Amino acid sequence: MSTFQELGLNNDLLQAITDLGFIKPSEVQEKAIPILLDSEGDLVALAQTGTGKTAAFGFPMLEKIDANSRTTQGLILSPTRELCLQIANEMKQYGKYCKGLNVVAIYGGSSITEQSREVKRGAQIIVATPGRMKDMISRRLVDITKIQYSVLDEADEMLNMGFKEDITDILSHTPEDKSTWLFSATMPREVAAIAKNFMHNPQEITVGNKNESTTNVSHEYYLVNARDRYQALKRLADANPDIFSVVFCRTKRDTQKVAENLIEDGYNAGALHGDLSQNQRDLVMNAFRKKQIQMLVATDVAARGIDVDDVTHVINYQLPDEIETYTHRSGRTGRAGKTGVSMVIVSKSEVRKIKSIERIIKRQFEKKEIPDGMEICEVQLMSLANKVHNTEINHEIDKYLANINELFEDTNKEELIKKFFSVEFTRFYNYYKKAKNLNVSYDDSRDSGRHSGGRSDSTRYFINVGGKDGFDWMKLKDFLKEQLQLGRDDVFKVEVKDSFSFFNTENELKEKVLAFFTDFKHEGRFVNVEVSENRGGGRRNDRKRGRRRDDRKGGGRRDDRKYNSGNRSERRRSESASKPRRSNSESSNAFKPRRSRR
Ligand code: ADP
Ligand code: MG
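The name given to the protein in an unreviewed UniProt entry is DEAD/DEAH box helicase, with Flavivirga algicola as the source organism. In its Sequence similarities (unreviewed entry) section, the UniProt record describing the protein reads: "Belongs to the DEAD box helicase family."

Here you go:
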């Protein structure tokens, strides 16, 4: 292990490093800094978030540029405004003893005039987001024709966000003989293509495993009215039939209440908080470990250190008071090499906090929409279909077959399938058919861009591959784009479930998509794509029409006994919505073979 001094950094930088309290270089710094100091070549560096990449390219860049000149010599491109500001600040700190140094951040959503004024004062280093950078170039507010060093930071993320063309465009304004340093957590094909097309024999360094995603946890948030929080929670659970989750609430009271409501509504839920006795807590935790409880509703204190490995989802029913706590919460999933999702239900007044959390966790949230009723019906139906399909036959049934066959003598297979699935589907359908849209809009121009994907003239598809086939949304999107030879934004709203997925394209592409998948095999298996009943933009239209109907009480998991006992807080809240009736024949719960023990 070398020291920063041994890596060959100058005294100005070493002094700043001491001030910052960095004692020894991180792995990526140890590997990258000597290469970048000693050669003028290109570099591809793969390293996870939080490994110290900024300093790995920042120190060498600061060492190499001429702070006495006012020419722009270094350009750092990064995917988001937050990262851009963060990098600019780090660079300023690293270079605080470099006399005359001027680092300027260029990003959208802030005055372009002010930014160009700062650039004009003489910026040796510009840190920019691709969109704003391109804008400034086309308005001739920056001159990057004398750049010697360019950095593509979080390259995979920039490509994910659809910045490929902007980056290409920006780089075309820079000199051929500059050095390009690419930093990325993962190396998907598109990043490799950038390296191939824009770099000359880059040296490659890897820290940790290649292609491991930034971390195992993805972060999502859902914007709803505060009064719809509980309904939103139920929908998230219903949209994920195999959920095994920790649901975080802020207070013991809320924790208890949410757990009670869930139990009354027939979910396998349990509460964990400090007002329970040690014995009660142990019981709940044991039930959770055995997966008899699928939704553990907990306070932060009580859930501290929960070491259950298979948690699929962390749901932030409310955000914590201290946003730093979010890291502890989301760390309850994505353990032991598995992937996990951390979901946050937020109301408008809290949405700002998402940005602050992003800064802390150094990851971006994806804004997602609470699924609408029909989407949930479809998910539940397909989940059941998959379960049926994968069920091992229990031959104890054989002795009753004669009677059953007699009963279905006149029913053909198609009819039988329809009837069989209607048993469950109708229950969900009746509950959800008039469910209102829970999503609220938030007019933040920064969020309404390419990410939100709320187009109304699009087609939504169902595809019978999913997580089990090794896809996550990014991989599936790449796969579809490559197979169908589509452009960067042609496939959107990709949602991957365990054994199936959904995605959208513009309507014009419908014929092409369906034709392509009529007879298509992937890894020896037929891949089937169908138009899904849920149109991608439908929800938005609902909102415009101002449809106002409350979710009806109950849900797929309702247990009649509990249902009849009612739920006081809910009843107060719900309008005059008529209650769904379930006949006794429906009370078997095909989705929920296990019951909570409470
Ligand atoms: P990355 O870009 O790889 O996600 P950053 O460059 O943002 O990581 O660094 C993560 C954190 O680690 C920052 O707060 C940074 O100041 C700190 N850091 C970087 N290098 C070192 C080091 N050698 N010693 C201690 N802390 C460091
Ligand atoms: Mg970084």
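From this point on, the discussion continues.
Of regular secondary structure, the protein possesses 23 helices and 20 strands. Here the protein holds 598 residues, and 52% of them are scored as buried. Restricting to contacts in the protein with at least 6 residues of sequence separation, those with at least 24 account for 78%. Per element, the accessible surface of the protein, about 28600 Å² overall, is 46% carbon and sulfur.

Within the UniProt annotation, "short sequence motif: Q motif" (unreviewed entry) is assigned to residues 2-30. Segment residues 2-30 splits into 48% helix and 0% strand. End C-alpha atoms: 7 Å apart.

Turning to a nonpolar patch on the surface, a few remarks are in order. Together, I397, Y400, L401, I404, L407, F408 and L416 make up an exposed nonpolar region whose accessible area comes to about 630 Å². With three residues, helix 17 (residues 401-407) is the single largest residue contributor to the nonpolar patch. Its place among the elements puts F408 in the loop between helix 17 and helix 18 (413-432).

Following the sequence through the fold, N197 ends up in helix 9 (residues 189-198). Assessed through its relative accessible area of 55%, N197 is described here as exposed. N197 sits 29 residues away from T168 along the chain, and the two C-alpha atoms are 9.7 Å apart.

With that settled, consider a negative patch on the surface. Taken together, E406, E409, D410 and E415 make up a surface patch of like negative charges. Mapped onto the elements, D410 comes out in the loop between helix 17 and helix 18.

Pairing of side chains with opposite charge becomes possible as their charged atoms draw close. By the definition in use, this model includes 25 salt bridges. K31 is the partner of E27 in a salt bridge, and the nearest nitrogen-oxygen pair spans 3.2 Å. With a gap of four residues between them, E27 and K31 both fall in helix 2 (residues 27-38), about one helical turn apart. For E27, a relative accessible area of 40% corresponds to the partly exposed category. For K31, a relative accessible area of 34% translates into the label partly exposed. With a shortest N-O distance of 2.7 Å, R329 and D300 are connected by a salt bridge. Here R329 is found in helix 14 (residues 325-330), whereas its partner D300 is found in helix 13 (residues 300-303), with 29 residues between them in sequence. The pair R329 / D300 is uniform in exposure class, with both members buried. One salt-bridge network, in which partners are shared between bridges, spans E190, D478 and K481.

It is worth spelling out the packing of helix 10 (residues 229-238) against helix 11 (residues 252-264) at this point. Here helix 10 crosses helix 11 at 55°, and the two axes come no closer than 12 Å. Between helix 10 and helix 11, the crossing angle belongs to the class labelled oblique. Here helix 10 runs over helix 11; the crossing is right-handed. Every residue of helix 11 that contacts helix 10 at Y230, L233 and K234 is listed here: V258, N261 and L262.

Side chains three or four residues apart in an α-helix point the same way, a direct result of the helix having 3.6 residues per turn. Among the residues making up helix 8 (residues 164-171), those that are buried are D166, I167, I170 and L171. The buried residues of helix 8 occupy an angular sector of 125° when projected down its axis, which confines them to one face.

On to unusual backbone geometry, then. Phi at N201 is positive, roughly 35°, even though this residue is not glycine. In this structure, K291 is a non-glycine residue whose phi angle is positive, near 65°. Take K291: it is sitting in the loop between helix 12 (278-289) and strand 11 (295-298).

We now examine the pairing of strand 11. Successive residues of a regular strand alternate their side chains across the two faces of the sheet. Alternating positions in strand 11 separate into two faces, M295 and V297 on one and L296 and A298 on the other, with burial throughout. When strand 9 (residues 245-248) meets strand 11, the two strands line up parallel, connected through four bridges. Note that in strand 11 the partner of V246 across the bridge is L296. Strand direction decides the pairing type here: strand 10 (residues 269-272) and strand 11, joined by four bridges, are parallel. Residue pairing across strands places G270 opposite L296, the latter belonging to strand 11. Each parallel crossover has a hand, and the one from strand 10 via helix 12 to strand 11 is right-handed.

Rules and cut-offs
Residues numbered from 1 in each chain as written. Chains lettered and ligands numbered in written order. Predicted model: local features only at pLDDT ≥ 70, side-chain atom pairs only at ≥ 80, totals over all residues. Heavy atoms only, no water. UniProt positions renumbered as here; feature names shortened; annotations may be inferred. Helix = DSSP H or I, 4+ residues; strand = E, 2+ residues; numbered from the N terminus. Buried < 20%, exposed > 50% of the residue type's maximum accessible area, 1.4 Å probe, protein only. Contact = heavy atoms within 4.5 Å. Areas by Shrake-Rupley, 256 points an atom, 1.4 Å probe, with all protein chains shown as cover. Patch = residues over 30% accessible without salt bridge, like charges linked within 9 Å, V, L, I, M, F, W, Y side chains within 5 Å. Salt bridge = Lys/Arg side-chain N within 4 Å of Asp/Glu carboxyl O. Lys, Arg positive; Asp, Glu negative; His and termini not counted. Charge placed at Lys NZ, Arg CZ, Asp CG, Glu CD. Axes fitted to C-alpha atoms, helices over the stretch in contact; angles between N-to-C directions. Parallel < 35°, antiparallel > 145°, perpendicular 65-115°, else oblique. Left-handed = near helix turned anticlockwise from the far one by under 90°. Arc of directions from axis to C-beta. Pairing = 2+ DSSP bridges. Right-handed = clockwise from strand over helix to strand, strands pointing away.

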